[in-house]
Amino acid sequence: MRGHVVRWVTLCVVVLACGREGPRNGPEPGAVVSVAVDGRGGTIEHGRLTLTIPPGALADPTSITVREALEAPWGAVGPVFDLGPDGLTFAVPPTISIAYDESEMPAGVEPAALRVAVLEHGVWQHLPDGEHRADEGSAAGELEHFSTYGLVPLADETSGVGDHFELNGIVVDTSANV
């Protein structure tokens, strides 16, 4: 009898551990990856993020951390990453690349509009030299410091009168007499 109970409990634990959604590619949100990087530089990968620190960027060995945020701030497409130590600066700028999943694109947003942005005082700011890399399915740019980074569509301009607008994931249905 005891053997049946142990098997039943083991089966329940396995079923509950598997969950309904199946396996996730890459680390779970909130998981921290920590890598020691010195003056020789290095590459750190965490889920969809690749961080390349070039030789000479750091004077001293530093523990670099990458964590996928549990919730992405408004405006981001896909996961958002916290890089640490917060505020760390570099002699030579590192490159960040974040891959996107086209199924996560909001209405009215094309993948070519995605750029890496940094969250500064609650506002997304695109990296000045950011680029879309269609061949890699990602966007990339050079960092000045560590903070929170994600993919954010470039702001487009729209004008005119109509009854349906889609812009950067915002849909507005109106009717107007002009």
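The structure we're discussing is the one just above.
Notes on the structure in this doc start here.

Thresholds, definitions, all that
Residues numbered from 1 in each chain as written. Predicted model: local features only at pLDDT ≥ 70, side-chain atom pairs only at ≥ 80, totals over all residues. Heavy atoms only, no water. Core = buried A, V, L, I, M, F, W, Y, C linked by side-chain atoms within 4.5 Å. Buried < 20%, exposed > 50% of the residue type's maximum accessible area, 1.4 Å probe, protein only. Helix = DSSP H or I, 4+ residues; strand = E, 2+ residues; numbered from the N terminus. Contact = heavy atoms within 4.5 Å. Pairing = 2+ DSSP bridges. Axes fitted to C-alpha atoms, helices over the stretch in contact; angles between N-to-C directions.

Within the largest apolar cluster, 28 residues are counted, with the highest numbers of intra-cluster contacts made by Leu51, Ile64, Leu83 and Ile96. Mapped onto this core, the elements with two or more residues apiece are strand E3 (49-53), strand E4 (62-68), strand E5 (81-84), strand E6 (95-99), strand E7 (114-120) and strand E11 (148-153). Among all residues touching Leu51, those that are not within four sequence positions of it are Gly42, Thr43, Ile44, Ile64, Leu83, Pro94, Thr95, Ile96, Leu143 and Phe146. Listed in part, the six residues of the second largest apolar core include Ala69, Val80, Leu119 and Trp124.

Right, let's get into the sheet that holds E5. Read from one edge of the open sheet, six strands run E1-E4-E5-E11-E7-E8, paired in antiparallel fashion. With partners counted over all chains shown, the strands left at the sheet margins are strand E1 (32-37) and strand E8 (123-126), one partner each. Neighbour to neighbour, the strand axes of the sheet diverge by 30 degrees on average, direction disregarded. In terms of strand pairing, E1 meets E4 through six bridges, oriented antiparallel. Within E4, the position partnered with Val35 by the bridge is Ile64.

Ordered by their spatial adjacency, five strands build an open sheet running E2-E3-E6-E10-E9, and the pairing between neighbours is antiparallel. With partners counted over all chains shown, the strands left at the sheet margins are strand E2 (42-46) and strand E9 (131-133), one partner each. When the angles between neighbouring strand axes are averaged without regard to direction, this sheet yields 20 degrees. Taken together, the five bridges between E6 and strand E10 (residues 138-142) define a ladder with antiparallel strand orientation. Opposite Thr95, over in E10, you have Glu142 as the bridge partner.

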